[in-house]
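# Reading the structure
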Amino acid sequence: MTSATIGIGSLGTIGSRVAQAIIQDPNLGSLTTVSARDHVRAEQKLRDLGSDAKVVEIANLASADIVIECAPVLIFREIAMPAIQQGKILIPASVAGLLANPDVLTCAKKSGARIIVPTGAIMGLDAVRAMAKSQISSAKITTRKAPRSLAGAPYFDGQDFDPDLVTTPTTIFSGTTIEASKAFPANVNIAVALALAGAGPSKTMVEIVADPAAKMNTHQIEVHGDIASLVMSIDVLPSPENPKSSTITPMSIIAALESLNAPLRIGS
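Figured I'd write up the structure that's included with this text.

Reading guide: rules and limits
- Residues numbered from 1 in each chain as written.
- Predicted model: local features only at pLDDT ≥ 70, side-chain atom pairs only at ≥ 80, totals over all residues.
- Heavy atoms only, no water.
- Pairing = 2+ DSSP bridges.
- Helix = DSSP H or I, 4+ residues; strand = E, 2+ residues; numbered from the N terminus.
- Axes fitted to C-alpha atoms, helices over the stretch in contact; angles between N-to-C directions.
- Buried < 20%, exposed > 50% of the residue type's maximum accessible area, 1.4 Å probe, protein only.
- Contact = heavy atoms within 4.5 Å.

Time to look at the sheet that holds strand E11 (residues 229–236). Read across the sheet, 5 strands follow the order E8-E9-E7-E10-E11 without closing on themselves; strand pairing throughout is mixed. Two strands close off the open sheet at either side, each with one partner strand: strand E8 (170–176) and E11. Neighbour-to-neighbour, the strand axes of this sheet turn through a mean angle of 10°, independent of strand direction. Bridge count between strand E7 (residues 136–145) and strand E10 (residues 217–225): 8 bridges; the pairing is antiparallel. Paired with Ile136 across the two strands is Gly225, which belongs to E10.

As structure tokens, this is what we get:
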């Protein structure tokens, strides 16, 4: 896959970092297309990075062999579906978009497309997948973030949520992954990955805690089954540019690209 062409949906915080890595390391593939809301700004950013990739409309990203989705979850479908319909490889940053658009998975089975969920932000997924071959009795993830990183989520539509008024750790949400992906689509990608790997979205529980003292995005995971029990804790720095995301997200996508070409692959 070293000669694979790559398209990136959105050159925001995550997309820009991924684009830079691809440009600097030709072994990852060749960046040929990107989509962006502001074409002029995106073209300048690409030139600054030393790339001759073209800025195209979203539907034209699928001209590349690999499409990397790094956009707000609201336009996940616009980026994902053309790539899936044409049998391409899709690497989504907005993993929650898979739950909101289940027909993407159905279409992938028919077209032969591959969806590679980057898992660098969550450890132990291989073990969870192995546990799912037997019986998982319970699965839960508790995510602790600064209140400001949760502001603007659909969960607060019609509410007057002021993150500055959260002065002590407060449980904002508790429910299934399906419910969490609708309420906080930009904050639960790790939960969705965990659910898809293990017990499923309807059986994987999510708790979201707003903590004004939080300097890191913290994820505590417990999965119990008849062959193993896993208890994991992950602390990740939030992105300085976009606190809803984390610094490890673009690195996870880059690692997923590397695994496509690696002669030695650790994990599935």
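Extensive coverage of helix H8 (residues 189–197) is indicated by the burial of 7 of its 9 residues. Of the residues making up H8, those classed as buried are Ile190, Ala191, Val192, Ala193, Leu194, Ala195 and Ala197. In this structure, the buried side of H8 is in contact with helix H4 (96–100), helix H6 (125–131), E7, helix H7 (177–183), strand E9 (204–210) and E10.

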